[in-house]
Amino acid sequence: MASPLVIAWVLVAGAFTAFQAKAQDRVASIAQSPFSAESDANAGHGMMIELVRAMDKGTHSSTKIVLRPFARSLRETAAGLADFHLPLIQNDGLPPPEGLAYVTEVDFGLAQFVIYSRKLAPLDARTVAAAKNIEIEPGHESFFPFPVSVTHCLPCSLDKILLGRVDAMIVAADVVDPLLSQARYKGIHRALFNAFPVRAVVPAKADSSATRRYLIEGVKYLKETGELWKITGHDRSYSDWQP
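We now turn to the structure provided with this report. Keep in mind that this is a model prediction, so the values were computed, not measured.

Parameters at a glance
Residues numbered from 1 in each chain as written. Predicted model: local features only at pLDDT ≥ 70, side-chain atom pairs only at ≥ 80, totals over all residues. Heavy atoms only, no water. Helix = DSSP H or I, 4+ residues; strand = E, 2+ residues; numbered from the N terminus. Buried < 20%, exposed > 50% of the residue type's maximum accessible area, 1.4 Å probe, protein only. Contact = heavy atoms within 4.5 Å. Areas by Shrake-Rupley, 256 points an atom, 1.4 Å probe, with all protein chains shown as cover. Disulfide = S-S within 2.5 Å. Core = buried A, V, L, I, M, F, W, Y, C linked by side-chain atoms within 4.5 Å. Polar contact = N/O pair within 3.5 Å; in protein donor to acceptor, adjacent residues only side chain to side chain. Salt bridge = Lys/Arg side-chain N within 4 Å of Asp/Glu carboxyl O. Expected span 1.5 Å × (residues − 1). Pairing = 2+ DSSP bridges.

Digging into the overall build of the protein chain
Counting its secondary structure elements, the protein chain contains 7 helices and 9 strands. For the protein chain, the residues scored as buried account for 44% of the 243 residues in total. Expressed as a percentage of contacts within the protein chain between residues at least 6 apart in sequence, the contacts between residues at least 24 apart total 73%. Summed over its atoms, the accessible surface of the protein chain is roughly 12,700 Å², and 57% of this surface lies on carbon and sulfur atoms.

Observations concerning the side chain of His 189
Mapped onto the secondary structure, His 189 falls in strand β9 (residues 188-203). With a relative accessible area of 19%, His 189 lands in the buried category. When sequence neighbours within four positions are dropped, the list of residues in contact with His 189 reads Ile 115, Tyr 116, Ser 117, Arg 118, Lys 119, Pro 122, Leu 123 and Gln 242.

Remarks on the state of the cysteines
Covalent bonding between the sulfur atoms of two cysteines is what defines a disulfide. By the definition in use, this model includes 1 disulfide. A disulfide bridge connects Cys 153 with Cys 156, and the sulfur atoms are separated by 2.1 Å. Judged by the sign of its S-S torsion, about 65°, the bond between Cys 153 and Cys 156 is right-handed. Given a relative accessible area of 26%, Cys 153 falls into the partly exposed group. Taking the relative accessible area as the measure of exposure, Cys 156 reaches 38% and is therefore partly exposed.

Comments concerning the nonpolar core
A general trend in soluble globular proteins is that nonpolar side chains are found buried together. Phe 108, Phe 113, Val 128, Ile 170 and Leu 215 are the most contacted members of the largest nonpolar core, which totals 43 residues. The element that contributes the greatest number of residues to this core is helix α2 (residues 47-59), accounting for 7 residues. The residues touching Leu 215, leaving out its near neighbours within four places in the chain, are Met 55, Phe 84, Val 103, Val 106, Phe 108 and Ala 200. Listed in part, the 15 residues of the second largest apolar core include Leu 154, Leu 158, Ile 161 and Met 169.

Details of the environment of Thr 151
For Thr 151, the position within the fold is in the loop between β7 (149-150) and α4 (154-163). For the pair Thr 151 and Met 169, spaced 18 residues apart in sequence, the C-alpha separation works out to 8.9 Å. If we ignore the near neighbours within four places in the chain, the residues touching Thr 151 are Glu 135, Ile 136, Glu 137, Pro 138, Ser 157 and Met 169. A distance of 2.8 Å separates a polar atom in the side chain of Thr 151 from a polar atom in the side chain of Ser 157.

Regarding the pattern of salt bridges
Any two side chains of opposite charge can pair, so long as their charged atoms come close to each other. In this structure the tally under the stated criterion is 10 salt bridges. In this structure, the salt-bridge partner of Asp 177 is Arg 190, at a minimum N-O distance of 3.0 Å. Of the two residues, Asp 177 is situated in the loop between α5 (173-176) and β9 and Arg 190 in strand β9; the sequence distance between them amounts to 13 residues. Take Asp 177 and Arg 190: they sit in the same class, and that class is buried.

A word on unusual backbone geometry
With an omega of -15°, the peptide bond between Leu 86 and Pro 87 qualifies as cis. Tracing the chain through its elements places Pro 87 in strand β3 (residues 84-89). Although it is not a glycine, His 60 adopts a positive phi angle of roughly 55°. One can find His 60 in the loop between α2 and β2 (63-68).

What about α2?
Between its first and last C-alpha, α2 extends 18 Å over 13 residues, near the 18 Å set by a 1.5 Å rise per residue. Within α2 the residues assigned to the buried category are Met 47, Met 48, Ile 49, Leu 51, Val 52, Ala 54, Met 55, Asp 56 and Thr 59. Looking at the packing, one finds that the buried side of α2 touches β1 (26-31), β2, β3, α5, α6 (209-225) and α7 (227-232). A positive backbone phi angle near 55° is found at His 60, which sits one or two residues after α2.

Details of the pairing of strand β8 (residues 168-172)
For β8, the buried fraction is high: 5 of the 5 residues fall into the buried class. Bridge count between strand β5 (residues 110-118) and β8: 5 bridges; the pairing is antiparallel. Bridge pairing links Val 114 to Val 171 in β8. In this sheet, β8 lies alongside strand β6 (residues 134-136) in parallel orientation, the contact comprising 2 bridges. Along β8, the bridge assignment pairs Glu 135 with Met 169.

Below is the structure:
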């Protein structure tokens with residue numbers, strides 16, 4: 001039989017574990033992406049992680065953050081393994097992914113989708129549809145009325161553009177523009193394609209009222225303090241600069 005001391009330690013450990021579980025008010029599944037959400041030895045880093053932490057501060061609550069590949073994050077959220085997924089760029093002409101619902105009461109600003117091509121063969125919103133090889137990030141195929149292919153390595157795609165193996169890449173500026181400070185990308189040309197609202201999505205079949213309140217109150221707080229735009233930069237109009 002276990003001694004009273006051992007039993008006491010087991011009870012203390014169990015109580016501590018239960019307290020830790022209750023300390024997390026919700027689970028956020030964030031899609032992994034360069035600069036936006038990247039894994040590290042701690043809890044991860046990037047704009048979207050900073051955003052959730054700031055909403056926690058504004059709502060005096062705590063969110064467990066899990067980082068997942070984009071498609072897996074959507075699947076797990078739809079299955080109820082997370083309370084919400086971030087980010088999902090909304091195409092107004094299409095419904096949300098299966099099993100998910102947009103939180104339309106909240107937006108995190110506009111994501112500017114930029115066409116990255118070669119300066120020797122620059123493309124813009126009027127000419128890009130005629131290009132033969134265009135790469136995009138996973139999950140955005142429906143945004144384009146012309147053939148595209150998926151890339152899982154943005155620096156690799158920029159290299160292929162410079163080598164002439166790919167005509168263009170169209171992705172959100174905030175995940176590629178930071179790369180263009182490198183001298184190797186001086187030959188890349190930028191042009192605006194379109195701007196889309198950034199949303200959160202929740203499981204369509206679950207009661208998401210508490211999650212929606214958290215997002216509404218959190219974003220309201222961040223907009224009032226100006227912190228939302230400091231984190232995301234999504235309030236800025238497109239700047240037509242070139243590397």
